[in-house]
Amino acid sequence: MPVLKALVLGMGVYDEARQLALDRQEWQDLRTRINHSAPVPLAFCLGCNEPAHVKAATSTTVNPHFSHFKGGGVRCPWGPDDGRTPDQVRAGIFDGNQESPIHREMCHRVLDLVMRDTRFEPGSGAVDSYLAPEHGGRGRWPDVRFELRGLGRFAVEVQFAPSLATEVVARSKYYLAEGIHLIWLVPWYSFEVVARAFTADIAQEAGGTLFVLDDEATAASLERNTLIFWAAWQSESGRKKKLICLDDLDLRPDRHPLLVDNTAAHIFGVAERRRHGVAEKMWESKGSWSGALVRPDTGQRDEAFDRLMRVLFSILAKADENFLAQDDGTWPNFLNNQKNLSGLLNAYLSSGDGEEHAVVVYDMLTRTKARSAVTAKVWEKIEFALLHPQLDITDPAISEAKSYFPEIFRSDLRGNPLRTEILPSWAT
């Protein structure tokens, strides 16, 4: 039995209605976030409070869903799951044979093409060679590794068979920690073929893009004397593909090489639609307790949650003048009758629930253009409020509130350095 209601820290509560509304990309984002958080649990079943994860679609009749880990959910009112352990999955994937002749041929082809590049650092290329970590711990055996002057160090993983999601994440974390750009190469699998859903875990590490080296790309590589391969991604109008080289990629220090970041743009679009839906409801019910928002974990009206949401949406409206713009040009204050943001915050931070939410307000302010609209006196009040105990994302209401603003509270999407090319202007 799947988990009917789950809390994902920092991303909110997913009840049955919200789960049904999720598209495949949203499910994949959740799955990747949870896997990257391991071994620290990020998601919990709200039936039994045990850790949960997202199972990918395994057939045309089984959709992605939240699930207990193997052996979990025994005391859950929704019942335990009949899952397999990672070791069982790994054994089924590899069946004792992790490399095929075509895999080895592809690895040597990649290295041969890279070595034609005049920027290739002699002695840096290797196939299936152990790479020790710079700071101790377990090393890795990248399929191909090399270095190009001016671009940095690269690892290429050739993936022709399903790969356990935990293995994908483990390799991703390792190469990021080592400052090595990771490129995954896969065969031409349709985005719609559920049997090849493992490629979604790989694509997510590159912003939703798959990289493919076929005969056509090989011919282009030989012509240009550098590694050329396909980038393929899913857009609203269907699958797109483009022949690219390593120079075309955005080589960032905080995540793997990108060409087009479809995942962030998609998540931001979903959040914007969610915000407009709840904003209309809050505006219409302003000043009415009967219209207070309900906590998604309990389904009960909660004044503190309702007030926090109104404060955050008021900050957004100040940062983004187009958000719920009023006909008379006035700023939409969702909480009270103050004429400016400083007045709203001054009153809110004087309350008990305002004090314990100060860190959320602080983050929202400092990461948006609304920061300049707050007076020095209010900043002093915020600093004083931060001395009080603060609620964090372990409180479902805090996670739910933050889930409406991934542009602000998702550090993986904001980037380090700040990803100004993908963030909306109000969040920079």
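Because the structure is predicted, anything quoted here is derived from the model rather than measured.

Calculation rules
Residue numbers here run from 1 along each chain, matching the order of that chain's written sequence. The model is predicted, so local features are restricted to residues of pLDDT at least 70 and side-chain atom pairs to those at 80 or more, both for listing and for counting; the totals for chains, interfaces and linings are taken over all residues. Heavy atoms from the whole structure form the basis of all side-chain values; hydrogens and water molecules are not counted. Burial classes follow relative accessibility: with a 1.4 Å probe on protein chains only, a residue under 20% of its type's maximum area counts as buried, one over 50% as exposed, and anything between as partly exposed. Runs of E in the DSSP output that reach at least two residues are strands. Runs of H or I that reach at least four are helices, and both are numbered from the N terminus. At least two DSSP bridges between two strands are required for those strands to pair. The pLDDT value tells you how sure the predictor is about a given residue, anywhere from 0 up to 100. Two residues form a contact once any of their heavy atoms are found within 4.5 Å. Each salt bridge in this description consists of a side-chain nitrogen of Lys or Arg and a carboxyl oxygen of Asp or Glu lying within 4 Å of one another.

K.L.:
Can you walk me through the pairing of strand E7 (residues 144-148) in this structure?
P.N.:
Burial of E7 is one-sided: the residues Val144, Phe146 and Leu148 facing one way are buried, the residues Arg145 and Glu147 facing the other way are not. Relative to E7, strand E6 (residues 126-127) is paired through two bridges, and the arrangement is antiparallel. Bridging from a neighbouring strand, Val127 pairs with Val144 of E7. The sheet contact formed by E7 and strand E8 (residues 152-158) spans five bridges and is antiparallel. Looking at E8, one finds that Arg145 is bridged to Ala155. Remark: three residues form the turn of the hairpin made by E7 and E8, two consecutive strands paired antiparallel; Gly150 in that turn has positive phi of roughly 90 degrees.

K.L.:
Help me out: how do you make sense of unusual backbone geometry in this one?
P.N.:
Most peptide bonds are trans, and most residues other than glycine sit at a negative phi. Residues Ala38 and Pro39 are joined by a peptide bond in cis, for which omega reads 10 degrees. Note that the residue after Asn416, namely Pro417, is joined by a cis bond; omega there is 10 degrees. Looking at the element boundaries, Pro417 is found in the segment after helix H16 (411-414). The phi torsion at Asn49 lies on the positive side, around 65 degrees, for a residue other than glycine. Here the phi dihedral of Asn225 falls at roughly 55 degrees; this positive angle occurs in a residue that is not glycine. Mapped onto the secondary structure, Asn225 falls in the loop between helix H7 (215-224) and strand E11 (228-235). Judged by relative accessible area, Asn225 falls into the partly exposed class, the value being 38%.

K.L.:
Quick question: what am I supposed to make of the confidence of the model for the chain here?
P.N.:
Low-pLDDT stretches of the model should not have their predicted coordinates read in fine detail. Counting all residues, the mean pLDDT for the chain is 89, and 92% of those residues have values of 70 or more. A low-confidence stretch, residues 84-98 stays under pLDDT 50, and its non-local contacts, those more than four residues away or across chains, total 12 contacts. Note on residues 191-195: pLDDT is under 50 here. Beyond four places in sequence and across chains, it has 13 contacts.

K.L.:
Looking at this structure, how should I read the pattern of salt bridges?
P.N.:
Oppositely charged side chains may form a pair once their charged atoms are brought near each other. As enumerated under the stated definition, the model contains 26 salt bridges in all. The residue Glu121 makes a salt bridge to Arg149 at a minimum N-O spacing of 3.9 Å. One end of the pair, Glu121, is in the loop between helix H4 (101-115) and E6; the other, Arg149, is in the loop between E7 and E8, with 28 residues separating them in the sequence. Accessibility expressed as a relative area gives 24% for Glu121, which makes it partly exposed. The exposure class of Arg149 is partly exposed, given its relative accessible area of 41%. Note that Asp297 and Arg295 form a salt bridge whose closest N and O atoms lie 3.1 Å from each other. Overlapping salt bridges bring together Asp29, Arg33, Arg410 and Asp412 as one network.

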